[in-house]
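An overview of the molecular structure
Here is how the chains run, residue by residue.
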Amino acid sequence: MSLFAQHDIVIDATLDPAKKEVNIKQQVTFRNTSNTPLSTIYFNDWANSFSNKTTPLAKRFAENYDSSFHFEKKEDRGSTTVFSIANATGLPLEWERGEAVDILKVALPEPLLPDQEVTLKFLYTIKIPSDKFTRYGVTRENDYRLQHWYISPAVYNGEWQAYSNKNTDDLYLLPSHFTITFHTPLRYHVISDLTVVSETISEKTKTTRLEGADRVKAIVHLEQQSNFKSVVTDRVEVITNLEDKKVSPPIKALLIDRITYFLENRLGEYPFEKMVISESDYKNNPVYGLNQLPDFISPFPDGFEYDMEQLKAITRNYIENTLPLHPRNDYWLTGALQIYLMMDYVETYYPKMKIIGNLSNFWVIRWSHASKLEFNDQYPLLYLNMARNNLNQALTTPKDSLVKFNKNIAGDYYGGDGLDYVADYLGRDQLNNAIKEFYANYRLKPVTSGQFKETLTANTTLPIDWFFDDYVGTHTTIDFKIKKVRKRGDSLEVLVKNLRNNSMPVSLYGINKESIVFKQWLLPVDSTATVMVPAKDIRKLVLNYEEIIPEYNQRNNYHNVSGLLNRPVQFRLFQDVGDSRYNQLFFMPEFDYNLYDGLILGAKLYNKTVLPKAFHYNFTPKLGLRSNTLLGSGSLIYTQQFKDQPLYAMRYGIAGSYLSYDEDLFFRKFTPFMTFAFRNEDLRNNEKQFINLRSVNIFRDDNPMDPDQDPNYSVFDLQYVYSNPNLINYFRGVVDYQISAKFSKISTTLEYRKLFLNNRQLNLRFFAGIFVFNDTREDEDFFSFALDRPTDYLLDYNYYGRSEDSGLFSQQLIIAEGGFKSQLEPAFANSWITTVNASTNIWKWIYAYGDVGLVHNKGRGTNAVFDTGIRANLVADYFELYFPLYSNLGWEPGLPNYDQKVRFIVTLDIKTLLSLFTREWY
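Residues numbered from 1 in each chain as written. Predicted model: local features only at pLDDT ≥ 70, side-chain atom pairs only at ≥ 80, totals over all residues. Heavy atoms only, no water.

**A word on the packing of aromatic side chains**
- Counting across every chain of the model gives 62 aromatic pairs.
- Judged by centre distance (6.4 Å) and plane angle (55°), the rings of phenylalanine 50 and phenylalanine 69 are tilted. Of the two residues, phenylalanine 50 is situated in the loop between β3 (38-44) and α1 (56-63) and phenylalanine 69 in helix α2 (residues 68-71); the sequence distance between them amounts to 19 residues.
- Here phenylalanine 50 falls in the buried class, since its relative accessible area comes to 8%.
- Directly above the ring of tyrosine 606 sits lysine 604, whose terminal nitrogen or CZ lies 4.7 Å from the centroid.
- Positioned above the aromatic ring of tyrosine 661, the side-chain terminus of arginine 700 is 5.2 Å from the ring centre. (Phe/Tyr/Trp six-rings, centres within 6.5 Å; stacked < 30°, edge-to-face > 60°. Helix = DSSP H or I, 4+ residues; strand = E, 2+ residues; numbered from the N terminus. Buried < 20%, exposed > 50% of the residue type's maximum accessible area, 1.4 Å probe, protein only. Lys NZ or Arg CZ within 6 Å of the ring centre and 35° of its normal.)

This is the structure in C-alpha cells:
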C-alpha cells in the first residue's frame, strides 16, 4: 500500500429544492496510512456547523460583530441529519458527535491496522444554509453553491486533525478520489472542476456523474441559469463567472491564458483538466482596495482589475488544489506563494502601475508620496498597519487564532513580501528555481512548509534559517539603524545595529543624490555588524533604500556622510503615506462646531501619517466664525509598545485646548496624562484593561451672570477601565476617583448587554457615586453627580451647547453618571447617588427603557426617582432618540412642550464613527 494512497469517497446526492435539502448516500473507503492501529475514525461534518447559535462557527460570527447569523431564521441556517453509519456489510456502527457539533466520531468494531482499509456507509440529509453567511449555500434564486457539503474523513498524522468550522475556509483533506452522482431537477446545471463522466436525463430528473482523483475539495455549483463561461487555454480549461462589463470576452480569454501560462512557467504544470473560478471564491479572498471602488471612479485601466481578480483567484486555486499543506496550521506558505507570484506578475506585465492607478496623475494628488508608490508597495504597507498597531501575529499562528485583518490581508501580504525579501537576498533565480523544484517534488502529496525550507536550503549557500525561525516563526518586527560611520582612508566604516531581538540580513546602499552607487547585503545581523565600503562618490548611506524589507521604522536608516540632517524637512498638505527620506510635517484644513463659536475653521499641523508612529504632535489653530475668536488645541503624545506581556502599551502625553463654554466666555484646558493598557494574550479576545492617570487643569473666563462660580480649578483623576465588548455579551466597568481642592469623589459604572438566543436584547447599566468630601456650597452643583445631564466640569464630553438649559441643544443626551432621560428633580446629588438604567427591544430597533435611582443631597435627604419611555436605537451609541413616557412627573406626553422633552444622541466625530467599521477587523 502506498504511503499516499487515496481515500475513496463515493457520493450519491439528490437535491430537493422545495426543502432546500440534499439527501445523500455516501461510501468512504478509509485507508490507514499511519503506523498506528485506529479504533476510531473522525469525520468532518461542517454542514452541521450552521445548525444553531452556539456552534464554534456561530461564535466566530459573533466575535466578528456579524449579527446576520444570530438573527437569521432557523430554517435558513442549515444542518446535517445523520440517519445511519454502517460498515460495508450494512452492520450499524456506533457514532457520536465530537466535542463540537460538526465533528463525527465513529467507533470501529475492530482496530484498523496500518496499510489496511475500511469502508463506511453514511445515510444523511443536509439542510443547505443561506449563502449570505459565507457566500456558499442557497441563494435567493434557489441556486446552490456547495462547498463543505459532504462528510469527509479527517486527517490522521499521529493525531487527528479534526477541528470545527470557524469560517476560515481551512478544511483539511488529503488528496482523495471522488465519485459523485448528483440527481437534480432538469432545470439545474451542474458546474464543478471534477470531470463530468456522464449526464442522463429522465422525465423529471437530470443525473450527473462527476469523478476526480487527487482532489482535496469537491465544490459544486447548481444553477438554473448558469452564468459560468468556459475559457479553454493550452494548459487548462477555466470555468468562471467573474464579470467585468468593460472587458470583452476575447480580452478576458487572453488575460486568463496569460495567467495560466505565467503560473505554469513559475510553478509547473497544473495536473487537472479544468478549474472553476467563482464569484464566491473571489469575494471571500478579493484584491483588497480594488473591490471597494465603484466602477465609475475606477482609477485603473480597463482590464487591469479583471486581470488582478482572476490572477488572485486562479493562483489561490492552483496552489491549494495541488499543494495540500495543512490549511489551519501551515497555511502561511500558500498565502506567501500566492502574493509573491502576484507581485512577480505585476512586475512582469504592469511594471509602472501605481498603487492608486491613474489618480496618481491627478493634480490634487500628484504631489503626494502615495501617488509615487508602486502597486506592489501595498503589501508591506498593509502589514505595517498591523505591526504599528501592535496587532501583528506570527505567520505560524493557527489560522483560527488570527485577527480578521491578519487572516484576510496582512498575513498573506507579509508572507509574500518575505519571499520577495528572500529573492533579493539570495538572487531571484535561486528562489524561483527552489519554488519550481518544491512544486515538482510535492505536487499532490502531503507536504509541509518544513519541506519547502529543505528545498530552499538546498538551492543556496547563504544562510536561510533566519527566514523560517525569525521572519515566519515569530511576530518580532524588523528594525535596523546605522549607528555610526567613520572615515577610514578611502573607505567608510559603517556600524549597523539590529534594534530587535532577531537575526536578519539587511541591504546597505551608497547613494549620490538619487543614484545608487553600490548595494551590498549584510549576512544576518543579530546585534551589530561592522562593514567597510568605498567612500568615493558617496553622499549618503542608507539601509533598505528600495524598501524591499518590510521594516517597522525606516526613518532611522539614513546617515549623511557629510551635513547636519540625515533627512531634510518636507511640508505637505493633507495626510499622506510616510516618506522615510524626509522629516515630514503635514497641514490639513479642519472644521468643528459648537453653539457659541459657531462653525470653527482652522488648519492642523501634525506629523501623523497613514501608519501610526510612536510620537505624535498636533497643533490646531482655529477661528470661530460666530465668536470671531482665535481658538485651538494641541497635543504631544508618545506611545511605548510591548510585546508578549499583558502590559502592551504605555502612553504619555500633554493636551490643551481653548474654546467657548458659554456665550462670549472661554476656557483653557491643560492636561498631562498617562495610560497603561493591558490586554489578553489571545488577540482575538476583546478583553482589555486600562489605568488612566491625568491632571485636568481648567481656567475659565469669569461669568458676570454667576459671580459665585469657581472659574479655575484642577482635578486629579485616577481611572480603572475593564472592557470586554462582544456581540453576544458586552461588559464594561469603570472605577473613577477624583480629588480637587474642594472635593473628592469616587464612582463606578457597570454596563452589560446580553443578546439572547431568542434575539431578545437586554441592556443594563449601573452607576453609583459618593463624595469622600465636598466643601462646595450646598446650592452649587457644578461638581455634583448629575441625574441626566452632567455639567462636564472636566470638559470630556462633546456637547454642542454645553451651557444650555433650554432649547434643542439642551436635549442632547450623553449617557453618563445617572444616565436618566427625563429631566427630573433633584437633578444633582452633592452627597451620593445610585441608579440603574435598563432597556430591551420591543421590535427590531425599537426599545423600551426604564431608569430607577436614589439621589441624596445634604439638607434634602434621599429622593427616589424613575422614568420610562421608548428608545429608537437607529445606530447604537451613535444615533438614538429617546421619547419619555412615564416618570415622577407623571404621563409626560400629556405635559406641555413635550417636544422639548425628547432626547437625542448624535455622534459626528469621524474617529468614533470609523470604529463602527474597524471593530470587526481588529
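**Remarks on helix α10 (residues 449-458)**
- Residues Ser449, Phe452, Thr455 and Leu456 constitute the buried set of α10. For α10, the arc enclosing every buried residue in end-on projection is 105°, short of the 170-degree limit, so these residues lie on one face. Those residues of α10 that are exposed and angled more than 90 degrees off the buried face are Glu454 and Ala458.
- Residues of α10 that are buried make contact with α6 (332-349), α8 (404-426), α9 (428-442) and α11 (465-472). (Arc of directions from axis to C-beta. Contact = heavy atoms within 4.5 Å.)

**Let's talk about the sheet that holds strand β20 (residues 274-277)**
- On the basis of which strands lie adjacent, the open sheet formed by 3 strands has the order β18-β19-β20 and mixed pairing. Two strands bound the open sheet, and with one partner strand each, they are β18 (229-232) and β20. Going from strand to strand, the sheet's axes swing by 20° on average, the running direction of each strand aside.
- Note: β18 against strand β19 (residues 237-240), 4 bridges, orientation antiparallel. The residue of β19 that forms the bridge with valine 232 is glutamate 237. (Pairing = 2+ DSSP bridges. Axes fitted to C-alpha atoms, helices over the stretch in contact; angles between N-to-C directions.)

**Quick look at a nonpolar patch on the surface**
- Residues Phe716, Leu718, Tyr720, Val735, Ile739, Ile746, Ile770, Val772 and Phe773 make up a contiguous nonpolar surface patch of roughly 690 Å² in combined accessible area.
- Mapped by element, the contributors of at least two residues to the nonpolar patch are β36 (712-724), β37 (729-740) and β39 (761-774).
- Within the element layout of this structure, isoleucine 746 appears in strand β38 (residues 743-755).
- Isoleucine 746 gets classed as partly exposed once you look at its relative accessible area, which sits at 35%. (Patch = residues over 30% accessible without salt bridge, like charges linked within 9 Å, V, L, I, M, F, W, Y side chains within 5 Å. Areas by Shrake-Rupley, 256 points an atom, 1.4 Å probe, with all protein chains shown as cover. Salt bridge = Lys/Arg side-chain N within 4 Å of Asp/Glu carboxyl O.)

**Notes on helix α3 (residues 249-266)**
- If you check α3, its first and last C-alpha atoms are 26 Å apart, about what 18 residues at 1.5 Å a residue would give, namely 26 Å.
- Along α3, the residues that are buried comprise Lys252, Leu255, Ile256, Ile259, Thr260, Phe262 and Leu263. End-on, the buried residues of α3 take up no more than an arc of 160°, which puts them together on one face. The exposed residues of α3 that point more than 90 degrees off its buried face are Pro250 and Leu254.
- After α3 finishes, the residue glycine 268 shows a positive phi value of roughly 155°. (Expected span 1.5 Å × (residues − 1).)

**A closer look at the pattern of salt bridges**
- Under the definition given, this model contains 43 salt bridges.
- Between glutamate 751 and arginine 732 there is a salt bridge, with its nearest N and O atoms 4.0 Å apart. Placement of glutamate 751 in strand β38 and of arginine 732 in strand β37 is noted, with a sequence separation of 19 residues between them.
- You can call glutamate 751 partly exposed: its relative accessible area is 24%.
- Note on arginine 732: relative accessible area 28%, which makes it partly exposed.
- Here aspartate 851 ties to lysine 821 by a salt bridge, and the two come within 3.2 Å at their closest N and O atoms. Here aspartate 851, found in strand β43 (residues 846-857), pairs with lysine 821, found in the loop between β40 (785-786) and β41 (828-829); they are 30 residues apart in sequence, far enough to count as distant.

**A look at the packing of α8 against α9**
- Remark: α8 packs on α9, axes separated minimally by 6 Å, with the N-to-C direction vectors making an angle of 125°. It follows that α8 is oblique to α9 by the angle criterion. Residues Leu419, Asp420, Val422, Ala423, Asp424 and Leu426 of α8 touch α9, and the partners they reach there are Arg428, Gln430 and Leu431.
- The residue inventory of the contact of α8 with α9, partitioned by class, reads 5 nonpolar, 1 polar and 3 charged. (Parallel < 35°, antiparallel > 145°, perpendicular 65-115°, else oblique. Nonpolar A, V, L, I, M, F, W, Y, C, P; charged D, E, K, R; others polar.)

**Regarding the sheet that holds strand β25 (residues 528-534)**
- Taking strand neighbours across the sheet as the criterion, the 3 strands line up as β21-β22-β25 in an open arrangement whose pairing is antiparallel. Strands at the two margins of the open sheet, each flanked by one partner only, are β21 (480-488) and β25. Each strand of the sheet is rotated relative to its neighbour by a mean of 25°, with strand direction disregarded.
- Taken together, the 8 bridges between β21 and strand β22 (residues 491-498) define a ladder with antiparallel strand orientation. Within β22, the residue paired with phenylalanine 480 across the bridge is asparagine 498.

**Some points on the nonpolar core**
- Membership of the largest hydrophobic core comes to 109 residues, with the highest contact counts inside it found for Phe467 and Leu508.
- Filtering out sequence-adjacent residues up to four positions away, phenylalanine 467 remains in contact with Trp332, Gly418, Leu419, Val422 and Val472.
- Grouped together as the second largest cluster of nonpolar side chains are 45 residues, Val28, Tyr150, Leu210 and Ala218 included. (Core = buried A, V, L, I, M, F, W, Y, C linked by side-chain atoms within 4.5 Å.)

**Concerning empty space enclosed by the protein**
- Going through the model one piece at a time under the given rule, you end up with 10 cavities of 30 Å³ or more.
- Estimated volume of the largest cavity: approximately 330 Å³.
- Lining the largest cavity we find 21 residues, and of these Asp169, Leu171, Lys217, Glu320 and Pro327 sit closest to its centre.
- Class assignment for the residues of the lining of the largest cavity results in 12 nonpolar, 4 polar and 5 charged. (1 Å grid on protein atoms, 1.4 Å probe; cavity = no way out; pocket = protein on both sides within 12 Å on 5 of 7 lines; lining within 4 Å. Points joined across faces, edges and corners; volume = space filled by probe spheres on them.)

**Some remarks on the pairing of strand β32 (residues 629-641)**
- Here 10 bridges tie strand β31 (residues 615-624) to β32, and the two strands are oriented antiparallel to one another. Of the residues in β32, the one forming a bridge with histidine 616 is isoleucine 637.
- Here β31 folds back onto β32, and the loop between the two strands holds 4 residues, one of which, asparagine 628, carries a positive phi near 55°.
- Strand direction decides the pairing type here: β32 and strand β33 (residues 647-662), joined by 10 bridges, are antiparallel. Bridging across to β33, leucine 636 finds its partner in isoleucine 654.
- A loop of 5 residues connects β32 with β33, the two strands running antiparallel in sequence, and aspartate 644 in this loop sits at a positive phi of about 55°.

**Observations concerning the side chain of glutamine 738**
- Its location among the elements puts glutamine 738 in strand β37.
- At 2.4 Å, the side chain of glutamine 738 and the side chain of tyrosine 793 are in polar contact.
- When sequence neighbours within four positions are dropped, the list of residues in contact with glutamine 738 reads Val715, Phe716, Asp717, Phe743, Ser744, Lys745, Tyr793 and Leu794. (Polar contact = N/O pair within 3.5 Å; in protein donor to acceptor, adjacent residues only side chain to side chain.)

**Some words on the packing of α9 against α10**
- Packing of α9 against α10 brings their axes to within 9 Å, and their N-to-C directions diverge by 130°. The angle between α9 and α10 falls in the class oblique. Handedness of the crossing formed by α9 with α10: right-handed. Note on element contacts: α10 touches α9 through Gln451, Phe452, Glu454, Thr455 and Leu456, opposite Leu431, Ala434, Ile435, Glu437, Phe438 and Tyr442.
- In the contact of α9 with α10, the residues fall into 7 nonpolar, 2 polar and 2 charged. (Left-handed = near helix turned anticlockwise from the far one by under 90°.)

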